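Here are the chains, one letter per residue:
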Amino acid sequence: MLDWITRKKKRRQGSPASVPIKAESSPQAFYEEQRRGYEAYLATYMDDRFMRSPRVLSIETYVKCNATCEFCPYPTSDRIGQKLDTGIIHKIIDDIASSDVHPEFFIPSRINEPMFDHRMYAIFEYVATKLPRTPIGHFTNGTTLSKGHIERLCSTPNLGFINVSLNSHDPAEHQRLMGLSFELVIKNLKALHHVYEARNFKFPVNLTRVGDGTTRDTDFLRWCRSVFPLFHPTCRPRFDWLGKTHSMDVGRAPPGCTQWFALNFLANGREALCCIDDDGRFGTGDAHHQNALDVYNHPIRLALREKKLRSLHPACAACDASI
């Protein structure tokens, strides 16, 4: 979801610590600048090289999370506990590996905390074998970033970035939003920051917030830059998960979308239209009996990539997310 921000940061020269806190005088100005950046990024991201093979491959392997985020459909999902068979995970990866064009990222998450799946490092190794040029994008709420996981994760040779859904620098708000221990998450982040600095790692670590349009959004960015200067704070406007939650109004979404160039599978094997189609109701395929490339090249999906217009699909037309 944050791929465009991750790439933007990777291209930036110099240490992230030197990035100035510029005119974030108001959330409105911040989001207007962010929207312009996203629209400019879309123009280059929707690349015809990935017309027939996904730019991002995402597989949700196990629907289990310890957070109760108010902006996420997980707490009320009827899919909690679903686990995708290892053979199907391998089949999806094998299908994609058969293409001459490999994904730029593999992301093993959707509405889950990936490290609750004890197969995760074995999956990373399988991806490295089958898709050796494809980095891993690791999403987490920070609670599973124990010393052991930090060591093993940071030693993963194909690690592309770590994305920590932090969401607030205020303990009370963090508890209200996510239902997690703020103290544990900050302890883990400090340990990760120490290792990151000591070993001079270069992969991006993003600290993200689902924004609410208030000054808490820009306060979060300033706080993160102060406390974790080597990490990249980001804040994205809240979207409604295709009607599952509530969103904030940041104007009409651009006509294009990065998600048309991603392939997302849920833990039940169903394909999801995009990363916020949390139950796959808008998907068209199933990994159990279809080749993943055939799913990606379904006529509806292909038309979206060719025409680059949200109006071609009712879910896309109604979507307010810029992801």
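Keep in mind the model is a prediction, meaning the values are calculated, not measured. (Residues numbered from 1 in each chain as written. Predicted model: local features only at pLDDT ≥ 70, side-chain atom pairs only at ≥ 80, totals over all residues. Heavy atoms only, no water.)

## Remarks on the overall build of the protein chain
Within the protein chain one finds 11 helices and 8 strands. For the protein chain, the proportion of its 323 residues judged to be buried stands at 58%. With an accessible surface of roughly 13,600 Å², the protein chain has 53% of that area assigned to carbon and sulfur atoms. (Helix = DSSP H or I, 4+ residues; strand = E, 2+ residues; numbered from the N terminus. Buried < 20%, exposed > 50% of the residue type's maximum accessible area, 1.4 Å probe, protein only. Areas by Shrake-Rupley, 256 points an atom, 1.4 Å probe, with all protein chains shown as cover.)

## Some words on the side chain of Arg238
Checked against the element boundaries, Arg238 lands in the loop between strand E6 (232-237) and strand E7 (262-265). Looking at Arg238, its side chain comes within polar contact range of the side chain of Glu70, at 3.0 Å. (Polar contact = N/O pair within 3.5 Å; in protein donor to acceptor, adjacent residues only side chain to side chain.)

## With respect to unusual backbone geometry
In most cases, non-glycine residues show a negative phi, while peptide bonds are predominantly trans. If you check the backbone angles, Asn167 has positive phi at about 75° while not being a glycine. Assignment of secondary structure puts Asn167 in the loop between strand E4 (159-165) and helix H6 (171-178). For Asn167, a relative accessible area of 1% gives the class buried.

## What to know about the confidence of the model for the protein chain
When pLDDT is averaged across the protein chain, the result is 89; 89% of the residues are at 70 or more. pLDDT under 50 marks residues 1-21. Its contacts with residues more than four places away, or in other chains, come to 42 contacts. (pLDDT = per-residue confidence, 0-100. Contact = heavy atoms within 4.5 Å.)

## Things to note about helix H10 (residues 299-307)
Here H10 has its buried residues at Arg301, Leu302, Leu304 and Arg305. All buried residues of H10 lie within an arc of 155° about the axis, which places them on one face of the element. In H10, the exposed residues that point more than 90 degrees away from the buried face are Pro299 and Lys307. Buried-residue contacts for H10 involve E7, strand E8 (271-272), helix H9 (292-296) and helix H11 (314-318). Phi turns positive, to about 60°, at Lys308, one or two residues after H10. (Arc of directions from axis to C-beta.)

## Some details on empty space enclosed by the protein
Summed over the entire model, instances satisfying the criterion amount to 2 cavities of 30 Å³ or more. What the second largest cavity holds in volume is close to 120 Å³. Residues belonging to the lining of the second largest cavity are distributed by class as follows: 10 nonpolar, 1 polar and 1 charged. (1 Å grid on protein atoms, 1.4 Å probe; cavity = no way out; pocket = protein on both sides within 12 Å on 5 of 7 lines; lining within 4 Å. Points joined across faces, edges and corners; volume = space filled by probe spheres on them. Nonpolar A, V, L, I, M, F, W, Y, C, P; charged D, E, K, R; others polar.)

## Considerations on the environment of Gln290
The residue Gln290 is located in the loop between E8 and H9 in this model. Owing to a relative accessible area of 26%, Gln290 belongs among the partly exposed residues under this scheme. Taking the C-alpha atoms as reference points, Gln290 and Asp95, separated by 195 residues in sequence, lie 9.6 Å from one another. Those residues within four positions of Gln290 in sequence are excluded, and the remaining contacts are Lys91, Asp95, Thr284, Gly285 and Val295. Reaching out from Gln290, the side chain makes a polar contact with the backbone nitrogen of Asp286 at a distance of 2.8 Å.

## Some words on the pairing of E7
Both faces of E7 are covered, namely the face carrying Ala262 and Asn264 and the face carrying Leu263 and Phe265. In this structure, strand E1 (residues 56-59) lies alongside E7, joined through 4 bridges in parallel fashion. Across the sheet, Leu57 pairs through a bridge with Leu263, a residue of E7. Following E7, the chain reverses through 5 residues before pairing antiparallel with E8; Gly269 in that reversal takes a positive phi of roughly 90°. (Pairing = 2+ DSSP bridges.)

## So, the state of the cysteines
Every disulfide links exactly two cysteines, by a covalent bond between their sulfur atoms. Applying the stated criterion across every chain yields a total of 0 disulfides. For Cys275, which is in no disulfide, the shortest distance to another cysteine sulfur is to Cys274 and amounts to 5.5 Å. The buried category is assigned to Cys275, whose relative accessible area is 2%. (Disulfide = S-S within 2.5 Å.)

## With respect to helix H4 (residues 120-130)
Among all positions in H4, only Met120, Tyr121, Ile123, Phe124, Tyr126 and Val127 are buried. Tucked into the core, H4 has its buried residues touching helix H3 (86-97), strand E2 (105-107), strand E3 (136-140) and helix H5 (147-154).

## Remarks on the packing of helix H2 (residues 27-45) against helix H8 (residues 215-227)
Across the interface, H2 lies against H8 with an axial gap of 8 Å and an inter-helix angle of 70°. Relative to H8, the element H2 is oriented roughly perpendicular. Contact residues: Pro27, Phe30 and Tyr31 in H2; Thr215, Asp217, Thr218 and Leu221 in H8. Looking at the contact of H2 with H8 residue by residue, the classes come out as 4 nonpolar, 2 polar and 1 charged. (Axes fitted to C-alpha atoms, helices over the stretch in contact; angles between N-to-C directions. Parallel < 35°, antiparallel > 145°, perpendicular 65-115°, else oblique.)

## Concerning the pattern of salt bridges
Opposite charge on two side chains allows them to pair when their charged atoms are near. Across all of its chains, the model carries 21 salt bridges by this definition. Between Asp212 and Arg216 there is a salt bridge, and its shortest N-O distance comes to 2.8 Å. Residue Arg281 is joined to Asp279 by a salt bridge in which the shortest nitrogen-to-oxygen separation is 3.5 Å. Owing to a relative accessible area of 27%, Asp279 belongs among the partly exposed residues under this scheme. A cluster of three or more residues bridged by salt bridges with shared partners is formed by Glu70, Glu173, Arg176, Arg209, Asp212, Arg216, Asp217 and Arg238. (Salt bridge = Lys/Arg side-chain N within 4 Å of Asp/Glu carboxyl O.)

## Description of the packing of aromatic side chains
For any two aromatic rings, the description comes down to two numbers: the centre-to-centre distance and the angle of the planes. In this structure the tally under the stated criterion is 12 aromatic pairs. A ring pair is formed by Phe30 and Tyr31, whose centres lie 5.1 Å apart and whose planes are at 65°; its orientation type is edge-to-face. Between the aromatic rings of Tyr196 and Phe231, the centroid separation amounts to 5.5 Å while the plane-to-plane angle is 85°, which identifies the pairing as edge-to-face. Within this pair, whereas Tyr196 is found in helix H7 (residues 182-198), its partner Phe231 is found in the loop between H8 and E6, the two being separated by 35 residues in sequence. An identical accessibility class is assigned to Tyr196 and Phe231; each is buried. Of the aromatic side chains, those joined through ring pairs into one cluster are Tyr196, Phe201, Phe203, Trp223, Phe228 and Phe231. Positioned above the aromatic ring of Tyr45, the side-chain terminus of Arg55 is 4.3 Å from the ring centre. Sitting above the plane of the Tyr62 ring, Lys83 keeps its charged end 4.5 Å from the centroid. (Phe/Tyr/Trp six-rings, centres within 6.5 Å; stacked < 30°, edge-to-face > 60°. Lys NZ or Arg CZ within 6 Å of the ring centre and 35° of its normal.)

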